[in-house]
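As a plain string of letters, each chain reads:
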Amino acid sequence: MFPVRAVLFSILSLFICSSVARRLQIRMVQGKHHYEGRIEVLHNDKWGEVCDHKWDLKGAKVACRMLGFPDALRYTSGDWFGRGSGYFWMDDVQCNGDEWTLERCSRKDWGRCNCRRGQTAGVVCRMRDEEYVIKPSPSNASKEIVDLPIRLLGPMLHDLISEGLVQVQIDKQWGYVCSHGWTEMNSRVACGMLGYKDYHRGPLVRPQKTSEKKEKDLPEGAFMVSNVSCAGHESSFVECRHKGWGPLKCEGGFPVRIKCSRSPMFVNPNLRLRGSFNLHEGRVEVRNPNPSSKQHWGTVCDDHFGLKDANVVCRSIGLGTASRVFTNAHFGQGVRGIYKDDVNCNGWERDFGDCRANLQSNCNHYEDVSVRCNVPKLYNNKIRIAGGMTPHEGRVEVFDGKRWGAVCAEHWGIEEAVVACRHLGLGFAKNAITSNYFGVTSLPVIFSNVDCKLDEISLHHCERAIPKITRCRSGRKAGIICTRAVPDLVVNVDELEKNVRIDAIPLAYMQCSYEENCLGESAREQWPNNRYYTRRLLRFTTRVENRGLAPFKPDVPKSSWQWHQCHNHYHSMEVFSTYDLVDFSGIKAAAGHKASFCLEDTVCDEGIPKTFNCTDGGDQGISPNCYDVYKWNIDCQWIDVTDFPHGSFYLRVTVNPDRKVAESDYLNNIAKCELYDYGNFAVAAKCHLEECQSGMDTHGGNAKGACCVFPFKYRNKVYRSCTKSGYNRFWCSTTSDFDRSRRWGICY
């Protein structure tokens, strides 16, 4: 038996060794990062390229797994990563996606290729989750601790505690910080960890409650860290030097007490975070330094971006230090320019705009950087959900400081649901529930007429009826359904600006358009004699991008789509976009709308496969990093301007206008152009994304470009559009009550 076993073992070993020896070697070259590049394979001891014929995402998945990555983000073709050598080994590679090597995929024989130089296959691989994240680097004394919980024991003011005794938590045990070696730089870092921009300068004072006690009289294990020594630019104590974690003694010392400076949050006009349900984290976006540019906001590249840079970002928007940096468009890709690259902050800049950076970027939007900032903890603003089948849904219940109660569903909408999901930390709002879907409750209604503006950090910060007049006549209670990933639609302003025209079409040829209410009001009177009339149409192309992390899908199931016999297609959303002509005072002159009769992936970014195709009744939607294009020559892709005189207007295009489909950012759904109608032709100029909910922004005045607020009160009169009252140009208030705020701007 022994010789037989030995022979079998030798044969098996030879088979295994020969299999390993024959395993195809693969590499990526010419990529900017280690996770991307042009694919090359080793055959007969020579490296050669893979032709891009039939190359797709399935092949890229196999290649990335061979290289040790979990998956592929996209595939590339052509000279994306350079033209290469022109020496090819593989061609017509077609994989199922589950093969363990490219050799197992369908392909031509080795070296049989009909490719030219520059027709090379490439990949952008997905890194592991931990590779996307930059965390604080622990000092030697901090060992492996990266996240250090911290709090203040002190008086509460406006639901915040900004001064008091500092405590940190080690192994689930809270303890004080010893005063030995304490400096103002330590206070700066501590306040940053607590979510505050800066510290209140002053001498370190022994706490009153313990001033007469010696250290030995404090409870055993009262101190968790001592001799902290920070330079001031750190994100957390874990990056600073100290004596190690406690419990430990603090002989001759006392608990550290600090006071942090409260600052307005999220008010920097040139810097913002986008793409997250939380206001304190997201993709970093900066305002274009060229005020005349139609691309008002752009992103920041993640090249060489670290926590020191992120700290400046966070403090620039009124928050504390940064706890994380995320690379590779963690919160979705931006859509405009990339305005900063190779950022290099020293950590002491007063504003992110003061940091050194390269303003000419060689990055793509999948390299957009994101940050997570420390934010002050809110006390007393308690909220919970009940009655749901999952942890992400339920009836909303709030605590007013004395009791728990329900929220009335009257006036409850997606904006309020967004803030509620954010308050609970459950992600984005998918649906706002206005029925007793999650059951009835005996709790009293204590919140009613809730009105949120999307920028609140908790439901308690939204406007609502005062407690004495809280009413809920319907008896319906508000509920929410939250989700972790949603789409984000953006109108492409370049496509809109270059494809505007005036057409005159005989009314008799517009049967389907008439049936679908795509014409002006006078068409109804003209229809019985339609052969004698012509309609004048303002036509344009809309290209709508999905830059979110989930597909945009119709708000109703396929079984509820409406069939339109005349056009022979389904409408998956009755109103997918609206089109308005607005005069310079902000008054709507003409309007149109577009139903989503064929919502699909018309075109996608390089290496992103199409998913939705509405041909023959297929599924409708827009995949992430894909575009739905309605060209100017499509029926109803217009505003009927027959009934209006020629002149100058604003053209405004709004997608998902009723917000029936959840998105990560509703403030980029409006495109606005200056439009000049000359009768037989029209010209669009200065198209840009309009981020004002009112649809009207300002310049001049004293509001620093803030948005108009409609309606607003001026001299005890209510105005619902821009006015010349009291001034020789159209102006508006940027608050609801100009008489009180005195904030205004010239309408733009």
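As the structure is a computational prediction, the values presented were derived from the model and not from experiment.

Reading the values: rules and limits
Residues numbered from 1 in each chain as written. Predicted model: local features only at pLDDT ≥ 70, side-chain atom pairs only at ≥ 80, totals over all residues. Heavy atoms only, no water. Helix = DSSP H or I, 4+ residues; strand = E, 2+ residues; numbered from the N terminus. Buried < 20%, exposed > 50% of the residue type's maximum accessible area, 1.4 Å probe, protein only. Contact = heavy atoms within 4.5 Å. Areas by Shrake-Rupley, 256 points an atom, 1.4 Å probe, with all protein chains shown as cover. Lys, Arg positive; Asp, Glu negative; His and termini not counted. Charge placed at Lys NZ, Arg CZ, Asp CG, Glu CD. Patch = residues over 30% accessible without salt bridge, like charges linked within 9 Å, V, L, I, M, F, W, Y side chains within 5 Å. Salt bridge = Lys/Arg side-chain N within 4 Å of Asp/Glu carboxyl O. Domains from an automatic or database assignment. UniProt positions renumbered as here; feature names shortened; annotations may be inferred. Pairing = 2+ DSSP bridges. Polar contact = N/O pair within 3.5 Å; in protein donor to acceptor, adjacent residues only side chain to side chain.

Peer 1: Looking at this structure, I do not really get the overall build of the chain. What am I missing?
Peer 2: A tally of helices and strands in the chain yields nine helices and 45 strands. If one aligns the C-alpha atoms of the chain with their principal axes, the spans along those axes are about 100 × 95 × 55 Å. Taking all 748 residues of the chain together, 53% fall into the buried category. Residue pairs in contact within the chain that sit at least 24 positions apart in sequence constitute 70% of those at least 6 positions apart. Here the chain displays about 35800 Å² of accessible surface, and carbon together with sulfur accounts for 48% of that area. Across the chain, 98 positive and 87 negative side-chain charges occur, with their mean positions spaced 5 Å apart.

Peer 1: Hey, could you run me through a nonpolar patch on the surface in this one?
Peer 2: Nonpolar side chains collect at one region of the surface, where Y678, F681 and V683 lie side by side and expose about 300 Å² of accessible area between them. On the secondary structure map, Y678 appears in the loop between strand 39 (670–677) and strand 40 (682–689).

Peer 1: What's the story with the domain arrangement of the chain in this structure? I'm lost.
Peer 2: Often the size quoted for an interface is simply the accessible area lost on bringing the parts together. By the assigned domains, the chain splits into domain 1 (25–126), domain 2 (150–208 + 218–261), domain 3 (271–374), domain 4 (382–483), domain 5 (489–689) and domain 6 (698–747). Placing the centre of domain 1 and that of domain 6 at their C-alpha centroids yields a distance of 59 Å.

Peer 1: Looking at this structure, how should I read helix 5 (residues 414–424)?
Peer 2: Side chains three or four residues apart in an α-helix point the same way, a direct result of the helix having 3.6 residues per turn. Of all eleven residues that make up helix 5, ten are buried, and the element is covered over most of its length. Within helix 5 the residues assigned to the buried category are I414, E415, E416, A417, V418, V419, A420, C421, R422 and H423. Check the buried side of helix 5 and you find it contacts strand 21 (383–386), strand 24 (428–433) and strand 26 (479–483). At the C-terminal side of helix 5, G425 shows a positive phi close to 70 degrees.

Peer 1: I tried to follow the UniProt feature "domain: Fibronectin type-II" (unreviewed entry) in the chain on my own but got confused; where do I start?
Peer 2: The sites that carry the UniProt feature "domain: Fibronectin type-II" (unreviewed entry) are, in the present numbering, residues 703–748. Between the C-alpha atoms that bound residues 703–748 there is a distance of 13 Å. The span itself is 9% helix and 28% strand.

Peer 1: How should the pairing of strand 17 (residues 322–326) be read in this particular structure?
Peer 2: Every other side chain in a regular strand lies on the same face of the sheet, so the side chains alternate between the two faces. Among the five residues of strand 17, five are classified as buried, and the element is accordingly described as predominantly covered. As defined by bridge partners, strand 7 (residues 133–134) adjoins strand 17 across two bridges and the pair is classed as antiparallel. What sits directly across from V133, in strand 17, is F326. Pairing between strand 17 and strand 20 (residues 370–373): four bridges, direction antiparallel. Bridging across to strand 20, R324 finds its partner in R372.

Peer 1: Help me out: how do you make sense of helix 2 (residues 57–66) in this one?
Peer 2: Most of helix 2 is tucked away, with seven of its ten residues classed as buried. Considered for burial, the residues of helix 2 that qualify are L57, G59, A60, V62, A63, C64 and M66. Backbone nitrogen of K58 and a side-chain oxygen of the N-cap are separated by 3.2 Å at the start of helix 2; the cap is D56. At the exit of helix 2 stands G68, carrying a positive phi of roughly 95 degrees.

Peer 1: I keep staring at unusual backbone geometry and nothing clicks. Help me out?
Peer 2: What you tend to see is this: most non-glycine residues have negative phi, and most peptide bonds are trans. In this structure, P247 follows G246 across a cis peptide bond, with omega equal to 10 degrees. One can find P247 in the loop between strand 12 (223–225) and strand 13 (257–261). F710 connects to P711 through a cis peptide bond whose omega is -10 degrees. Counting through the fold element by element, P711 comes out in the loop between strand 41 (698–699) and strand 42 (712–714). At N517, a position not held by glycine, the phi torsion is positive, near 60 degrees. Following the sequence through the fold, N517 ends up in the loop between helix 7 (511–515) and helix 8 (522–526). Judged by its relative accessible area of 52%, N517 is exposed. Notably, R715 is not glycine yet its phi reads approximately 55 degrees, a positive angle. Looking at where R715 falls in the secondary structure, it is placed in the loop between strand 42 and strand 43 (717–719).

Peer 1: How should the environment of G621 be read in this particular structure?
Peer 2: Topologically, G621 is positioned in the loop between strand 35 (603–604) and strand 36 (626–630). Taking relative accessible area as the criterion, G621 reaches 0% and is therefore assigned buried. A C-alpha to C-alpha distance of 51 Å links G621 and K259, two positions 362 residues apart in sequence. Beyond its immediate stretch of four places on either side in the chain, G621 contacts F552, L599, E600, D601 and F612.

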